[in-house]
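Overview (structure and organization)
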Amino acid sequence: MGKNYLGEFEELIMLAIGVLGDNAYGVSIKDEMQTRTKKKPSIGALHTALQRLENKGLVESWEGGATNERGGRKKRFYKLTIFGLKSLTQAHETRNEMFSLIVKPA
Amino acid sequence: MERLKRLLFRIIEKLAPEIAENVKGDLEELYQRASESKGKLGATVLLVIEFITCFKLILNHNGFNKIKLTPFTTDVKMSWRVLVKNPSYSVVSLLGLTLGLTASLMIFIYVHNELNYDRHHQKANRIYRLVYDLTDRSENLPWAIITGKWAPMITDQYSEVENFVRITPTWGSKSLIKTNQINTGFYEEGFMWADSTFTSIFDLEWLVGDRENPIAKPNSIIINEEIAVKYFGGVDNAIGNVINRDNETDYIVTAVFKNMPSTSHFHAQMIASIMTGTTEEERDKFWNYSYVVLKDGAKPDHLNKLFPKLVSQHIDSATLPRLYLQPLTSIYLDSQLMYEFEPVGNKSTVRIFIGVGFFILFIACINFINLSTAYGAKRTKEIGIKKVLGAHRFSLLKQLVLESALITMIGIGFAVVLSILLFPYTEALIGKQLDLSHLYTLNNIAILLGFVFLIGFLSGAYPALYVSSHKPVNIFAKASSGGRPFIRKALSVIQFMMSIALIAGSITVYKQLQYFQSKDTGIQPEQVLVVPLDYAQNIKKDHHGFKAELEQHSGIKSISLMSSLPGELIRMWVGDIRLLHGTDEDKLRVKIFDSDYDFIETLGLQIVKGRDYSRDYATDTTRAVLINETAAKALGITNLDTTSIYTYSNLQNKELKVIGIVKDFHFASLHNIIEPLVIYNRAETDNKTKMVVRIDTKDLYNTLSYIEETWGSYEPDRTFESYFLDAYFQSKYTKEQTAMKLLIIFTFLAIFIACLGLFGLATYVLQNRQKEVSVRKVLGASVGQLWLLLTREFVWLILISFFLVSPLVYYLMENWLSDFAYRIDIDPLIFLFSILIVLVPALFSVSFKSMEIAKVNPKDVLSGD
């Protein structure tokens, strides 16, 4: 935990990025999160979080090609950095570990 | 909807350029997807919601995330709970504030637009228009146009002048445009010729082509996006292609520019090289609009002082024109010159709107203050407890001010969103496209935020100070007295004064504009069709034949050719006349209609003396003249049989017999008084630009197609075009109509907000008197008596406001009306009416509350004590 603590929202975004592989950009991340969690993140919140993640070095991004449905605007693709993947794994492991230690009600 | 989207995108672009591409792309994709499933409207709503969620992103981007707000969070939370707990108070104050702010934002957008004409040019502050004022003792002739020689001359003569450009328009006629690709032409406005320096003086936004010197060579032309798309199917295809004007001259397109912004005092669609087919000598003689750029730091006043000498060197005449420089940025609002490019704005209308905007804002603020004071009185117990528990006065103040700031902030947020959503309607109302890119800048948003705190603070401060000032002992010991009645009353009086002023003012403006439009111009424009004849050479050559052919149709009553339409000042000639036996001293300057037979009948004018032109007298085309009543009076003509007039050189030095006097009619605009007029009947048709046809509208379609067919047989190369005279007159007054519509809407809004405030105030005052009312009731007062008692105070307030504000309104309105040549007198009934408009809803809302209080069973009130 400590410094690398990930908020729930941040973690979900990173998971979505991981799931999407090469096709992770604003709208696809939003869609992915929507289908998996039934919550609708807004574009504003999403980009705020993405920027925070990028500043922390958890994800990196690059510009892709322009498409018609975006009115000729370029997509910005995201992917997990090695550090990001490590943090995610760490969070996951901490959770699993703690989950396995839950004292089951008799 | 598309424009709204573009606007939102532009805001993102301006405020957060680095991430704009990314965010815009996502928004666009969502928008496209939503418009397929939910339609345009649904998609737009979604877009706006998503856009709002980006606020924090934009703020972060501008470094706001570094400011720590934690000390405030508790207060904000508390304030929020207070607001949620008292929905009626929150909703009423929020409603008033939001409406008031939205209205003032919309007015701000309108005024901002009117005040920012021609400021988009980089050199705007150094560009001046050279104008020619022929005003002398007898008349007022400030012209916006000038002959071509002056601009080069002063550029040559004075070192302060850097450069010049002359722009020659087509003087109101449309140009028939064809291209090497399309041979069926269309009539277009906005064709101009200009010196090659045009592009270095005025800033155009280039799309493609030569940006350096595109109209230097003869027969080169630059066109705007609209023309490029219309004629060449796209911006990129236009370069190197040929544009033909009026089947005469070919021009080669060298560059394409973006359509000129609405905030330009002229709108060129096509700008051709002035060198085309002219010699320097000719160019010096042509009338045009001349602009000069002064060098940095040069003073126009200094040059204006040097001009008289220059003029006297070049003009040999008793009355010399006054030459002077007019700042480019003042043309739209300050200029009252004749022969402007396009109708200019009206400064007093803009002033009225600034006033209205402030009034509404002020009314909304006062409302808010009254409401929060009223509400604060209810909270004295809470404050008292807090004080007993050791709260500092400062922390109480902070919380109360923050509460009002919170409401203000929410109000401003709503107002901004509402004004963005209403933007398309604002545009429709104003009747022109507005450019908002320079409005939503970080700077303006900072001002807006500052404003939030200012209003929040100011309107929160008084109630906060008042509420927090009580000693806890007093609060618990006796019922609150409810604040200083004087301040409360003074605020309401101010509010009523503003409402009454707004109502009386807008009724006056409305009546004046109504009067203006319904004023009998002396012309009967209904059922009169106008057919422009510019360049219709075949018809002009054989106009008798053409007219005869048309007159065969039973739907056509009469036809006349004429030089210009009434109101079309730019085409009007000016000349001098005197009585045949008079002297040069009696010379009279007149306006001239160059017309044809049946002019009087077609326009529905009246002859008061003498007769109309008739084909029975051969001399009627050479030696006869009609004048209007004003001219007859000025010349002192009483007996027609013996009256002849002499015309000066500008009217060919002729001796003419006055055959009739025409009843005065408004041949110019209603802004001007009726001047002396001469109606000519010349056989020559070179100067005739319009044909007016009085038709029977019974079988309109048939008649119109007959005229069009006949036109086609004469002018196969020229598209037929026509419009109705009354529609043309109407279009002359669109600006006035816009102002009227806006004013009515805003006045009603102001009344509504004021009533909202009154309701709040009544609630407050009456609640404080609940005990008094109950005691009176116990002692035997009837509900009616109580109603009278409670309502009386408000009626007094309204009457006092009325007497205070009436003289001011009278003075301001008298001032405004004095600008009009034809005006109404201020009717005392207007004042009566305006006080009624305030009184009725006010009484209604106060009575409602009074009755509520008067009906309460005294037992319920008094049992508590």
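1. A short note on the overall build of chain A
A tally of regular secondary structure across chain A gives four helices and two strands. The N-to-C order of helical and strand elements in chain A reads α-α-α-β-β-α. Among the 106 residues that make up chain A, the fraction classed as buried is 30%.

2. Some thoughts on the overall build of chain B
The secondary structure content of chain B amounts to 30 helices and 25 strands. In chain B, buried positions account for 38% of the 865 residues. Residue pairs in contact within chain B that sit at least 24 positions apart in sequence constitute 83% of those at least 6 positions apart.

3. Things to note about the interface of chain B and chain A
Tallying the contact residues gives 19 residues for chain B and 15 residues for chain A. Counting residues per element, the ones that place at least two in the side of chain B that touches chain A are α2 (17-53) and α3 (55-61) of chain B. For the side of chain B that touches chain A, the element with the highest residue contribution is α2 of chain B, accounting for 14 residues. When the residues that make up the side of chain B that touches chain A are grouped by side-chain class, the tally is seven nonpolar, five polar and seven charged.

4. Focus: unusual backbone geometry
All names here are of chain B. Phi is positive for Asn219, close to 65 degrees, though the residue is something other than glycine. On the secondary structure map, Asn219 appears in the loop between β8 (206-209) and β9 (220-224). Positive phi values are uncommon outside glycine, yet Gln527 reaches one of about 60 degrees. With respect to the secondary-structure elements, Gln527 resides in the loop between α19 (485-518) and β15 (528-532).

5. Concerning the confidence of the model for chain B
Residue and element names in this part refer to chain B. When the pLDDT values of chain B are averaged, the result is 81; 93% of them are 70 or greater. No element of chain B has a lower mean pLDDT than helix α18 (residues 472-477), which averages 64, and none a higher one than strand β12 (residues 270-273), which averages 94. Confidence metrics for the complex model read pTM 0.69 and ipTM 0.82.

6. Brief notes about the sheet that holds strand β24 (residues 690-695) of chain B
Through backbone hydrogen bonds, the strands of a sheet pair up, either in parallel or in antiparallel fashion. Pairing is antiparallel across the open sheet formed by four strands, whose spatial order is β16-β24-β15-β25 (chain B). On the outer flanks of this sheet lie β16 (556-562) and β25 (723-724) of chain B, each paired with one strand and no other.

7. Quick word on the nonpolar core
One broad rule of soluble globular proteins: the nonpolar side chains tend to lie buried together. All names here are of chain B. One finds Ile360, Ile363, Ala364, Ile500, Phe746, Ala750 and Ile753 to be the most contacted residues of the largest nonpolar core, which totals 85 residues. Among the elements of the structure, α5 (87-115), α13 (347-378), α15 (393-421), α17 (442-469), α19, α26 (734-768), α28 (783-817) and α29 (828-855) are those that each provide at least two residues to this core. Looking at this core element by element, the count peaks at 19 residues for α26. If near-sequence neighbours (up to four positions away) are discounted, Ile500 is found in contact with Ser801, Phe802, Val805, Ser834, Ile835 and Val838. Among the nonpolar cores identified, the runner-up in size contains 59 residues, and Leu130, Val161, Ile201 and Ile222 belong to it.

8. Thoughts on the packing of α5 of chain B against α15 of chain B
Residue and element names in this part refer to chain B. Relative orientation of the contacting elements α5 and α15 amounts to 45 degrees, with a least axis distance of 8 Å. With respect to their mutual orientation, α5 and α15 come out oblique. The two elements α5 and α15 meet at a crossing, and its hand is right-handed. Together, Ser90, Ser93, Leu94, Leu97, Thr98, Leu101, Thr102, Leu105 and Met106 of α5 and Ile407, Thr408, Ile410, Gly411, Ile412, Phe414, Ala415, Leu418 and Ser419 of α15 make up the contact between the two elements. For the contact of α5 with α15, the class distribution of residues is eleven nonpolar, seven polar and no charged.

9. Details of the confidence of the model for chain A
Of the residues in chain A, 93% reach a pLDDT of 70 or more, and the chain-wide mean stands at 84. The lowest-confidence element of chain A is strand β1 (residues 59-66) of chain A, averaging 82 in pLDDT; the highest-confidence one is helix α4 (residues 82-100) of chain A, averaging 89.

10. Remarks on the pairing of strand β1 (residues 127-133) of chain B
All names here are of chain B. The buried fraction of β1 is high, at six of seven residues. Here four bridges tie β1 to strand β13 (residues 287-294), and the two strands are oriented antiparallel to one another. Bridged to Tyr128 within β13 is Val292. Two elements, β1 and strand β14 (residues 322-327), share six bridges in a ladder whose sense is antiparallel. Within β14, the residue paired with Arg129 across the bridge is Gln326. As judged from the two bridges shared by β1 and strand β2 (residues 142-143), these two strands associate in the antiparallel manner. What sits directly across from Asp133, in β2, is Pro142.

11. Focus: helix α11 (residues 300-314) of chain B
Look at α11 of chain B: 21 Å from first C-alpha to last across 15 residues, which is about the 21 Å you get at 1.5 Å a residue. Of all the bends in α11 of chain B, the greatest reaches close to 30 degrees and is centred on Leu306 of chain B; the proline Pro308 of chain B follows between one and four positions later.

12. Thoughts on the environment of Gln122 of chain B
Residues and elements named next belong to chain B. Looking at where Gln122 falls in the secondary structure, it is placed in the loop between α5 and β1. Given 10 C-beta atoms within 10 Å, Gln122 falls into the exposed group. Note: C-alpha distance between Gln122 and Phe202 (80 residues apart in sequence) is 7.8 Å.

13. Focus: the packing of α5 of chain B against α26 of chain B
All names here are of chain B. In contact at an axis separation of 10 Å, α5 and α26 are set at 155 degrees when each is read in the N-to-C sense. Considering the angle they form, α5 stands roughly antiparallel to α26. As for how α5 packs across α26, the hand of that crossing is left-handed. For the pair α5 and α26, the contacting residues are Val92, Leu95, Gly96, Leu99, Gly100, Ala103 and Ile107 in the first and Phe746, Leu749, Ile753, Leu756, Gly757 and Gly760 in the second. The residue inventory of the contact of α5 with α26, partitioned by class, reads nine nonpolar, four polar and no charged.

14. Things to note about the environment of Glu342 of chain B
All names here are of chain B. Mapped onto the secondary structure, Glu342 falls in the loop between α12 (331-334) and α13. For Glu342, a count of 12 C-beta atoms within 10 Å puts it in the exposed group. Spatially, the C-alpha atoms of Glu342 and His267 are 8.5 Å apart, while their sequence positions differ by 75 residues. If near-sequence neighbours (up to four positions away) are discounted, Glu342 is found in contact with His265 and Phe266.

Cut-offs used in this document
Residues numbered from 1 in each chain as written. Chains lettered and ligands numbered in written order. Predicted model: local features only at pLDDT ≥ 70, side-chain atom pairs only at ≥ 80, totals over all residues. Helix = DSSP H or I, 4+ residues; strand = E, 2+ residues; numbered from the N terminus. Buried ≥ 20, exposed ≤ 12 C-beta atoms within 10 Å, placed from the backbone. Contact = placed C-beta atoms within 7 Å. Nonpolar A, V, L, I, M, F, W, Y, C, P; charged D, E, K, R; others polar. pLDDT = per-residue confidence, 0-100. Pairing = 2+ DSSP bridges. Core = buried A, V, L, I, M, F, W, Y, C linked by C-beta atoms within 7 Å. Axes fitted to C-alpha atoms, helices over the stretch in contact; angles between N-to-C directions. Parallel < 35°, antiparallel > 145°, perpendicular 65-115°, else oblique. Left-handed = near helix turned anticlockwise from the far one by under 90°. Expected span 1.5 Å × (residues − 1). Bend = angle between axes of the 7 residues up to and from the residue.

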